[in-house]
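Listed below are the residues making up each chain.
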Amino acid sequence: MKVLGIESSCDETGVALYDTERGLRGHRVHSQIDLHAAYGGVVPELASRDHIRRLPILVRETLAEAGCALSEVDALAYTAGPGLAGALLVGAGAAEALAMALAVPALPVHHLEGHLLSPLLSADPPAFPFVALLVSGGHTQLMRVSGVGDYELLGESLDDAAGEAFDKTAKLLGLGYPGGPQLARLAEGGTAGRFRLPRPMLHSGDLDFSFSGLKTAVLNVVSAPGWHAADAADLAADFQQAVVEVLVKKALGALRRTGLKRLVVAGGVGANRSLRAQLDEAARRRGWRVYYPEPELCTDNGAMIAFAGALRLAAGAMPGGGGAIAIRPRWPLVELRPPV
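Residues numbered from 1 in each chain as written. Predicted model: local features only at pLDDT ≥ 70, side-chain atom pairs only at ≥ 80, totals over all residues. Heavy atoms only, no water.

Considering the sheet that holds strand S9 (residues 262–266)
Sheet architecture is open: 5 strands sit in the order S8-S7-S6-S9-S10, paired in mixed fashion. Whereas interior strands pair on both sides, the edge strands pair on one side only; in this sheet they are strand S8 (150–156) and strand S10 (289–291). Strand-to-strand twist across the sheet, computed as the mean angle between neighbouring axes with direction ignored, equals 25 degrees. As paired elements, strand S6 (residues 130–136) and S9 share 4 bridges and run parallel to each other. Following the sheet pairing, alanine 132 is matched in S9 by valine 264. The sheet strands contacting helix H9 (residues 273–286) are S9 and S10, and the helix crosses S10 at an angle near 150 degrees. (Pairing = 2+ DSSP bridges. Helix = DSSP H or I, 4+ residues; strand = E, 2+ residues; numbered from the N terminus. Axes fitted to C-alpha atoms, helices over the stretch in contact; angles between N-to-C directions. Contact = heavy atoms within 4.5 Å.)

Focus on the pairing of S6
With 7 of 7 residues buried, S6 is to be regarded as a mostly interior element. With burial as the criterion, each face of S6 is covered, one bearing Phe130, Ala132, Leu134 and Ser136 and the other bearing Val131, Leu133 and Val135. Pairing of S6 with strand S7 (residues 139–147), which is carried by 7 bridges, proceeds in the antiparallel orientation. Its bridge partner lying in S7, valine 135 is registered against threonine 140. (Buried < 20%, exposed > 50% of the residue type's maximum accessible area, 1.4 Å probe, protein only.)

A word on the UniProt feature "binding site: substrate" (unreviewed entry) in the chain
Here, the residues flagged by UniProt with the feature "binding site: substrate" (unreviewed entry) are Leu134, Val135, Ser136, Gly137, Gly138, Asp167, Gly180 and Asn272. Within the fold, valine 135 resides in strand S6. If sequence neighbours within four positions are ignored, valine 135 has contacts with Thr140, Leu247, Val265, Ala266, Gly267, Gly268, Val269 and Gly270. Relative to the elements of secondary structure, aspartate 167 occurs in helix H5 (residues 162–172). (UniProt positions renumbered as here; feature names shortened; annotations may be inferred.)

Regarding the nonpolar core
Grouped together as the largest cluster of nonpolar side chains are 51 residues, with contacts concentrated most on Leu4, Leu76, Leu116, Leu117, Met143, Tyr151 and Leu333. Broken down by element, the residue count for this core peaks at 7 residues, all from helix H10 (residues 302–314). If you count residues domain by domain, this core takes at least three from each of domain 1 (2–117 + 298–335) and domain 2 (127–292). Contact partners of methionine 143, with chain neighbours within four places excluded, come to Leu116, Phe130, Val131, Ala132, Leu134, Tyr151, Glu152, Leu153, Leu154, Leu333 and Val334. The next biggest cluster of nonpolar side chains, apart from the first, holds 49 residues, and it includes Leu197, Leu214, Ala236 and Val248. (Core = buried A, V, L, I, M, F, W, Y, C linked by side-chain atoms within 4.5 Å. Domains from an automatic or database assignment.)

Description of the domain arrangement of the chain
It is common to report an interface's size as the accessible area lost on association of the parts. The domain boundaries assigned to the chain delineate domain 1 (2–117 + 298–335) and domain 2 (127–292). The gap between the C-alpha centroids of domain 1 and domain 2 is 27 Å. With 19 residues of domain 1 at the interface, the matching set in domain 2 holds 22 residues. Interface of domain 1 and domain 2: buried area, both sides summed, is about 1600 Å²; carbon and sulfur atoms make up 73% of it. Summed over the three residues of domain 1 that lose the most area to domain 2, namely Leu112, Leu116 and Cys298, the buried surface amounts to 35% of that side. Connecting domain 1 to domain 2 are 0 salt bridges. (Buried area = accessible area lost by both parts, 1.4 Å probe. Salt bridge = Lys/Arg side-chain N within 4 Å of Asp/Glu carboxyl O.)

Some points on the environment of leucine 120
Mapping leucine 120 onto the fold places it in the loop between helix H4 (111–117) and S6. For leucine 120, a relative accessible area of 16% puts it in the buried group. Taking the C-alpha atoms as reference, leucine 120 lies 24 Å from leucine 58; in sequence the two are 62 residues apart. Those residues within four positions of leucine 120 in sequence are excluded, and the remaining contacts are Pro125, Pro126, Phe128, Phe307 and Leu311.

Below you can see the structure in the form of structure tokens.
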């Protein structure tokens, strides 16, 4: 089965072709970073318009890379949520229209399920069950994953997600868009330990997160008399260390609570080198294993959508409404069920 996947939930346009017999055959992503940089963040209307412009080009390029004609596509999979409503409508509309023209099924896919299952695309995929740490944009969650669609929420952020905290803190430090990656790069040149930043909910006894207080602590530092921009790298290093310490402790706590020994880390923040290094070392000492998506699949992409759609269709999931366009900008992952 050849599944064409479309991702358009926010500021990346992604298209990929996944073949259940031959694996990932084509993969294209267009980032809108340059488009939104002048505004310091994503402008939803501009994002939607750019998806409209880019999708036809990316579909053609993906099929050419795969050596596959459009008529050979067996199914469409597209991100139906969560995400920006207008951006989701672009991808959903394109996928449903193509599916009707080709007389093939179209399957709405949950964006976070795509991230969660993306490490299964690697050459050394994890086996079910495992614990997943989802750190994608506005989401920080710990899940017990027993199979496709079989997810148990163990803990989540009660306010700002880790990615949001990175982006907001980057703005406080005067960094441009996208803030998170720029802050991580700045932190690499700093020395942690100068600033006494909190570790919110580190000892809460549960698996939930809170990062808004950490962001406020940074605000207090940069607003205090005597603050110098020359100290920004050290403050960034302290901030990153605080976030990573909390994520690592909670993820290890989830493994202990479930009795599992496999951890999957997915989402954009999962590409953070400090987080990976500390998780790998902590897991190594305990005889556990951490799995990550391939680097190019950490951010939003069509490959994870095509793959998740292929897994669900192969397991008997019913396609969408035959051309009806239904999106869910707010869609809790725990509402998903195994394919039937």
